[in-house]
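# Per-entry structural report
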There are 4 protein chains.
Amino acid sequence: MAKGLNKVMLIGHLGNDPEMKVTTSGQSRVTFTLATNENFKDNNGNLQERTEWHRIVVWAKLAEICSQYLKKGRQVYVEGRLQTRSWDDPKNGEKRYTTEIVCSDMQMLGGAREQGGGTSSESSSQGYERQQSPHDYPSPPTHPSVPMLENDKDDLPF
Amino acid sequence: MAKGLNKVMLIGHLGNDPEMKVTTSGQSRVTFTLATNENFKDNNGNLQERTEWHRIVVWAKLAEICSQYLKKGRQVYVEGRLQTRSWDDPKNGEKRYTTEIVCSDMQMLGGAREQGGGTSSESSSQGYERQQSPHDYPSPPTHPSVPMLENDKDDLPF
Amino acid sequence: MAKGLNKVMLIGHLGNDPEMKVTTSGQSRVTFTLATNENFKDNNGNLQERTEWHRIVVWAKLAEICSQYLKKGRQVYVEGRLQTRSWDDPKNGEKRYTTEIVCSDMQMLGGAREQGGGTSSESSSQGYERQQSPHDYPSPPTHPSVPMLENDKDDLPF
Amino acid sequence: MAKGLNKVMLIGHLGNDPEMKVTTSGQSRVTFTLATNENFKDNNGNLQERTEWHRIVVWAKLAEICSQYLKKGRQVYVEGRLQTRSWDDPKNGEKRYTTEIVCSDMQMLGGAREQGGGTSSESSSQGYERQQSPHDYPSPPTHPSVPMLENDKDDLPF
DNA sequence: TTTT
DNA sequence: TTTT
């Protein structure tokens, strides 16, 4: 039973193919980034677009589904909870913080035909291997220097 | 018009009194931290409590309201959008990132009397007493003539 | 796996004590009504209050919890899905429709002490006092070294 | 300022083209039905699909947008609040109730190309006239015998 | 009455 | 880094 509410709901497009890892404890864990776009008026009344990037983490069976069916550019609905975890910067030992959305529900939006996602067999054949270049996301965890959590017992599914 | 969805909904308690600033452009801006508590079972099946801390930012008129009525310990509902902004670490010039919830709606929960919060006399004098007379409830279920479902197999839990 | 989204989130006060039934199939099922209050401006710009009544249905274990801890007047958060079911008016055999919220999550709000609700001694002894010490907040903003944004034009209200 | 929460969030497909009316007070008002689909396991553990139909009401500028861009089959995200309004059954004068979602935000999902929605000029050319056969929705309001609200001052935009 |  |  929860004693509060910690809920995030996003609709956006994947910025990269999902990256799957299996933790040392045998849990499937997928991460990807999600862009949400928003129009707003600036100080001069001109319409502007703002893009916000979110780091999504998915565990267990839902992780397998994400790995199998999602790819870069796909539009999805993601529901989850906010979680900020800390890690030590290996360069100087300082504490750093990263906020992620731990995903508990995911919906693929639009039809597969438009997503360029081909047949599901294709999708499933490219799940794990394709995600080698996450050198772009501004978040520490995807930098080579940032240790991923993998044994963190506090970071278990839910 | 938005082109995506970026929504956060929290129920928790303030970790500190709201801090008000007025920006150089004259905008009111309030920040506070919010703790959401959650119970979950650990690997051994034991019930654990997890507290997550969130950084809330509020602007304009809603900021004034937060500044005036909220204080440390108060339970609130906060709705907003996720925003990650970057800043340069003055120590070494490195880019750092902070994720905040930009609040667009706020509800004070519980009665003012329990919160120990400020000028609560008006609030407490009109709280929820008025809603206890649902003798005007418009739905059939309260009419004796409406059969309740009890065997409807389609209406199972979920 | 869901293929769409059907979500309702309410914060309001119970209009009556929960009514528990056990279905013929042995399932626990609780119903109650919930009032949500909203302020709005009418055509003349005067502030008005609108109360909306909702019919809540809860199943299984969560039903037992509702039955045990909730009572008329109590403030709660309810999450669920919309469901419209039909029934035959016994007077004339016409089809009628009732829309309910099938509750999948519930949070008691405010402290038990204010709610006048039952066995609240444990609850009140551990309520929200524990969350007032955010001295472990992991976020930069509480560190003196983190500059706040104040002039960022992109960070205007919304 | 609201004093509670009354929020509905749906992702589904339109069951019919939006129907536009202009109220006697000059307000634009659009209605359509939305189907949300859900998979669930029945008592025997078999995967079943459940479809829930929702009645959506949109006012003012957002109504115009819905009228112009949405059509039957289109996938959308709808956010709004629950509202149950009553009307008198003309056959026998009995009070009847209809629950609707008063929409405050709408997002078109998937690309227009997949929706078969053609160019926006086509869409806009068919907005108002095409919706003559709503004789299907199980809700009273669309039956010829059910008076639509049009002058109800309580049912103003928001 | 939608969609996959 | 996404999308329209």
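Values in this document were obtained by computation on a predicted structure and should not be read as measured data.

## Some thoughts on helix H1 (residues 60-69) of chain A
Turning to H1 of chain A, its buried residues number three or more, namely Leu62, Ala63, Ile65, Cys66 and Ser67 of chain A. Those residues of H1 of chain A that are buried are in contact with strand E2 (19-22), strand E3 (28-41), strand E4 (47-59) and strand E6 (95-108) of chain A.

## Some points on helix H1 (residues 60-69) of chain C
Residues and elements named next belong to chain C. Of all the residues in H1, the buried ones are Leu62, Ala63, Ile65 and Cys66. An end-on view of H1 places all buried positions within 160 degrees of arc, on one side of the element. Every exposed residue of H1 that faces more than 90 degrees away from the buried side is listed here: Lys61 and Gln68.

## Quick word on the interface of chain C and chain D
On the side of chain D, 37 residues touch chain C, which itself brings 33 residues to the contact. Interface area, chain C with chain D, both sides summed: about 3000 Å², of which 46% is carbon and sulfur. Scanning the region where chain C abuts chain D turns up eight salt bridges. Across the pair Lys91 of chain C and Glu94 of chain D runs a salt bridge, and its minimum N-O distance is 3.4 Å. The tally of links between chain C and chain D comes to 15 residue pairs in polar contact (both at pLDDT 80 or more). Those elements that place two or more of their residues in the side of chain C that touches chain D are strand E1 (5-14), strand E3 (28-41), strand E4 (47-59), strand E5 (75-88) and strand E6 (95-108) of chain C. Per-element accounting of the side of chain C that touches chain D gives the leading share, seven residues, to E1 of chain C. Its residues assigned to classes, the side of chain C that touches chain D shows 11 nonpolar, 11 polar and 11 charged. Here seven bridges tie E1 of chain C to strand E1 (residues 5-14) of chain D, and the two strands are oriented antiparallel to one another.

## Details of the relation of the copies chain C and chain D
Once chain C is rotated about the relating axis by 180 degrees and shifted along it by 0.0 Å, it coincides with chain D to within an RMSD of 0.1 Å. Taken together, the rotation and translation describe the operation of a two-fold axis. Among all residues of chain C, the one whose C-alpha sits closest to the rotation axis is Val8 of chain C, at a distance of 2.2 Å. In this assembly the copies share their binding face: 97% of the residues contributing to the interface of chain C also contribute to that of chain D.

What counts as what
- Numbering of residues begins from 1 in every chain and follows the order in which that chain's sequence is written.
- Note on labels: chains are lettered from A, ligands numbered from 1, in written order.
- It should be noted that, the model being predicted, local features are given only for residues of pLDDT at least 70 and side-chain atom pairs only at 80 or more, the latter also being counted only at that level, while totals for whole chains, interfaces and linings use all residues.
- Only hydrogens and water are removed before side-chain values are computed, so all heavy atoms of the structure are retained for them.
- For every residue, the accessible area obtained with a 1.4 Å probe (protein chains only) is divided by the maximum for its type, and the residue is called buried under 20%, exposed over 50%, and partly exposed between those limits.
- Strands are runs of DSSP state E lasting at least two residues, helices are runs of H or I lasting at least four, and both sets are numbered from the N terminus onward.
- Here a residue-residue contact requires only that any non-hydrogen atoms of the pair lie within 4.5 Å.
- The reported arc concerns the directions from the helix axis to the C-beta atoms and nothing else.
- Throughout, buried area stands for the accessible area (probe radius 1.4 Å) lost by two parts on being put together, summed over both.
- By convention in these notes, a salt bridge is any Lys or Arg side-chain nitrogen within 4 Å of a carboxyl oxygen on Asp or Glu.
- Pairing of N or O atoms within 3.5 Å defines a polar contact, subject to two protein rules: one partner must be a possible hydrogen donor and the other a possible acceptor, and residues neighboring in sequence count only if both atoms are side-chain atoms.
- Charged residues are taken to be Asp, Glu, Lys and Arg, nonpolar residues to be Ala, Val, Leu, Ile, Met, Phe, Trp, Tyr, Cys and Pro, and polar residues to be all remaining types, Gly included.
- Paired strands, as defined in this entry, are two strands with at least two bridges between them according to DSSP.
- Residues below a pLDDT of 70 in either copy are left out; the C-alpha atoms of the rest, at least 70 in both, set the least-squares superposition of the copies.

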